[in-house]
Structures are given as structure tokens and as C-alpha cells.
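# Structural overview
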Amino acid sequence: LHPRVRRQRQMCIRDRVQVAYRIGDSATNLITPLMAYFAMVVVFAKKYDDNSGIGTLVSTMLPYCICFLIGWSLLLILWMGAGLPLGPGAGLMIS
């Protein structure tokens, strides 16, 4: 293949991989202890329920994470089905 075509193909694949990563990352940000405000959320939960902890928060937020993951994935499928570009200069498919 011509180097320009090869580079274009790599760019399209890289853009789609980044979108898929962002979907997975944004869906699990609610339950990761590495979230910047996770400790503050635990403290606020303790204020209203003395028995709450990290496990309580994770188990409470897990259904929301699953819904976000399903919703974002469906949106990506619809976006790709419509053939819309992923962003400026980032085509969905190689023409």
C-alpha cells in the first residue's frame, strides 16, 4: 500500500479505538476510587448513613455505570450507522 493510504487507515483505526476507550472510561468513572471526588462522596454518604462505605457506593452506582455504558455504546452504533464523522478531520471510514 501507498504510505499515505496506510497512514490514513491507521488514523481511522486510532480514532475509533479512542472513542471506544472514552466510552468505557466515562462509564466506569463513577465507581473508581481514583475519581478526584470519591473520598468526598464517601464522607457525604457517611454523614447520612453511618454504615455506608466504599462498597456501598460502588454497589449503588454500578447500575448507573451499566446504563451509561449501554447508552454510550448504542449512541456510537447509531453514529457509525449514520456514517457521521467522529470529529473534524477524523473520518469514520476510509474513502
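See the structure printed just above.
A brief look at the structure comes next. It should be emphasised that the depicted structure is a prediction, and the values quoted were computed from it without experimental measurement.

## Remarks on the overall build of the chain
The helix and strand tally for the chain stands at 3 helices and 0 strands. Mapped from its N terminus to its C terminus, the chain presents α and β elements in the order α-α-α. Evaluated residue by residue, the chain yields a buried proportion of 15% over its 95 residues. Of the roughly 7400 Å² of accessible surface on the chain, 68% is carried by carbon and sulfur atoms.

## Concerning helix α3 (residues 54-82)
With 29 residues, α3 extends 41 Å from end C-alpha to end C-alpha; this agrees with the ideal 42 Å at 1.5 Å per step. Maximum bend of α3: about 35°, positioned at L62, with proline P63 one to four residues after it. Phi for G83, located one or two positions after α3, is positive at around 75°.

## Topic: helix α2 (residues 38-48)
At 3.6 residues per turn, the α-helix brings residues three or four places apart onto the same side. The complete set of buried residues in α2 reads F38, V42 and A45. Seen along its axis, α2 keeps its buried residues to an arc of 65°; they face one direction. When the buried face of α2 is taken as reference, the exposed residues oriented beyond 90 degrees from it are A39, V43 and K47. Next to the buried residues of α2 lie α3.

## Things to note about the side chain of S52
Tracing the sequence through the fold places S52 in the loop between α2 and α3. Given a relative accessible area of 4%, S52 falls into the buried group. Within polar-contact distance, the side chain of S52 engages the backbone oxygen of D49 at 2.8 Å. Beyond its immediate stretch of four places on either side in the chain, S52 contacts A45 and K46.

## Considerations on the environment of I70
Tracing the backbone shows I70 in helix α3. Owing to a relative accessible area of 49%, I70 belongs among the partly exposed residues under this scheme. For the pair I70 and G24, spaced 46 residues apart in the sequence, the C-alpha separation amounts to 9.9 Å.

## Observations concerning the packing of α2 against α3
At a closest axis distance of 10 Å, the pairing of α2 and α3 adopts a crossing angle of 100°. The angle between the axes of α2 and α3 places the two elements in the roughly perpendicular class. Facing α2, whose interface residues are F38, V41, V42 and A45, α3 presents I54, L57 and V58. A class-by-class count of the residues in the contact of α2 with α3 yields 7 nonpolar, no polar and no charged.

Criteria and thresholds
- Residues numbered from 1 in each chain as written.
- Predicted model: local features only at pLDDT ≥ 70, side-chain atom pairs only at ≥ 80, totals over all residues.
- Heavy atoms only, no water.
- Helix = DSSP H or I, 4+ residues; strand = E, 2+ residues; numbered from the N terminus.
- Buried < 20%, exposed > 50% of the residue type's maximum accessible area, 1.4 Å probe, protein only.
- Areas by Shrake-Rupley, 256 points an atom, 1.4 Å probe, with all protein chains shown as cover.
- Expected span 1.5 Å × (residues − 1).
- Bend = angle between axes of the 7 residues up to and from the residue.
- Arc of directions from axis to C-beta.
- Contact = heavy atoms within 4.5 Å.
- Polar contact = N/O pair within 3.5 Å; in protein donor to acceptor, adjacent residues only side chain to side chain.
- Axes fitted to C-alpha atoms, helices over the stretch in contact; angles between N-to-C directions.
- Parallel < 35°, antiparallel > 145°, perpendicular 65-115°, else oblique.
- Nonpolar A, V, L, I, M, F, W, Y, C, P; charged D, E, K, R; others polar.

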